[in-house]
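Structural description and commentary
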Amino acid sequence: MKKLSVAVIGAGMGGLASAAALTRAGLDVQVYEQAGRFTRLGAGIQIGCNAMKVLREWGLEPLMRRQAFYPRSWNNRQHDTAEIMFDMEFGPSAEEKYGAPYLLGHRGDLHATLASAVPADVVNLDHKLVGLDRSADGTVELAFANGRKVSVDAVVASDGVHSFVKEVLFGRDEPNFTGRIAYRTVYPAALLDGYQIDDCTKWWGPDRHVVIYYVKPDRSEVYFVTSQPEPEFRIESWSTTGDVGKLREAFVGFHPQVQRVLEACPSVHKWALFDRDPLPRWGDGNVTLLGDACHPMTPYMAQGAAMAIEDAAVLSRCLEGVDREGVAEAFRRFEATRKPRTSRVQLNSRTNTWLKTRVDPEWVYGYDAWREPLATLN
């Protein structure tokens, strides 16, 4: 039987994870990414036990362990007194309980690790999708800004919150601006002049917070991300430069550890935080959305990338052994399997209460995308 041909749109976390999963499932996969090259953007990422279980299946766990920080806990503290609100322990005890480690890393390092699991000739850079049409024979025709056209059996759109494919399928959506923004950056820990921070701490203020942690096993890089009111700023792009002075002013009165980290920070980026409701549908026929394209979420549970990585594993299970005529049903099974979970995470994340008080996170970190039962369609 001829291999099913699949175009993955976007080479972010979800796109590369999809390519890794689908190539291993025996499909003919090509990834199309609009950027001309990959860059190591200055941002940290929390790689939950649930995501690590997916990476373990691909043999990527040793590489991530060598590059990422292995925290004792995710500690939640009062912004000024440092009083502990809830100390969510990770380390060996969580690894034993949930079946994989919880790691803190650099987004660029996780992205490079996922890229290493995908054959080099699968990724096509400088391919911005500008057209998507269906043919009478059931194939999907794609057109790119560079003039190239391709015909495939199926399309997996992992092209982010501003998804072109989502707009083609379902029209433009209007996200809800939260009135809040986030500052974030990674910088060398040497700028702290020997000052040691906690492994991973979320400092909760009355109307704002900051999360601070190391992203390297040798504690050589520090990351922080904030959330605070700033209703006049509405640019949803991490590449926008922020004002370090304004950032520091926003956290006057926070604990000395926070002050020290912000004072040492040389530069930041900022991002307006938008919230979106779960989509009624993820796909149409032989085209499906994946990751942020169909379930974007606020960053308060640190599960956005993990959900996309889980998506990729489940999608590969749904598509394995399927021919072109079975793709639409496989995509419906994928959505039916994943949507209850991603919607729950999406809606829980918007409240920004995760780990603020004692909670059992089993439903988040204990999930195993390789063994979760696939949905039965009516």
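Heads up: the structure comes first, above all this text.
Residues numbered from 1 in each chain as written. Predicted model: local features only at pLDDT ≥ 70, side-chain atom pairs only at ≥ 80, totals over all residues. Heavy atoms only, no water.

1. Digging into the overall build of the chain
Looking only at helices and strands, the chain features 11 helices and 19 strands. Since a compact globule built from 378 residues should have a radius of gyration of about 21 Å, the 21 Å found for the chain is in line with a globular shape. Summarising its shape, the C-alpha atoms of the chain cover approximately 65 × 45 × 35 Å along the three principal directions. Put simply, the chain has 378 residues, and 58% of those count as buried. Within the chain, counting contacts between residues at least 6 apart in sequence, those at least 24 apart form 74% of the total. Surface summary for the chain: the accessible area is close to 15500 Å², and the carbon and sulfur share equals 49%. Here the chain holds 44 positive side-chain charges and 48 negative ones, and the gap between their average locations is 1 Å. (Helix = DSSP H or I, 4+ residues; strand = E, 2+ residues; numbered from the N terminus. Rg over C-alpha atoms; globule rule 2.2 N^0.38 Å. Buried < 20%, exposed > 50% of the residue type's maximum accessible area, 1.4 Å probe, protein only. Contact = heavy atoms within 4.5 Å. Areas by Shrake-Rupley, 256 points an atom, 1.4 Å probe, with all protein chains shown as cover. Lys, Arg positive; Asp, Glu negative; His and termini not counted. Charge placed at Lys NZ, Arg CZ, Asp CG, Glu CD.)

2. Here we look at the pairing of strand 1 (residues 5-9)
Strand 1 sits mainly inside the fold: 5 of its 5 residues count as buried. On strand 1, burial covers both faces: S5, A7 and I9 on one face and V6 and V8 on the other are all buried. Where strand 1 and strand 2 (residues 28-32) come together, 5 bridges link them in parallel fashion. Each residue of the ladder has a partner; that of S5, found in strand 2, is D28. Viewed along the sheet, the connection from strand 1 through helix 1 (residues 13-24) into strand 2 turns out right-handed. Relative to strand 11 (residues 154-157), strand 1 runs parallel, the two sharing 4 bridges. Considered in strand 11, the bridge of I9 is made with A157. (Pairing = 2+ DSSP bridges. Right-handed = clockwise from strand over helix to strand, strands pointing away.)

3. Side note on the nonpolar core
Of all hydrophobic cores here, the largest spans 132 residues; its most connected members are W74, L142, F224 and Y365. When residues in this core are grouped by element, the largest group, 10 residues, is from helix 9 (residues 304-319). With sequence-adjacent residues up to four places away left out, F224 is seen in contact with Y183, R184, T185, Y187, V210, V211, I212, L247, V261, L262, C265 and V268. (Core = buried A, V, L, I, M, F, W, Y, C linked by side-chain atoms within 4.5 Å.)

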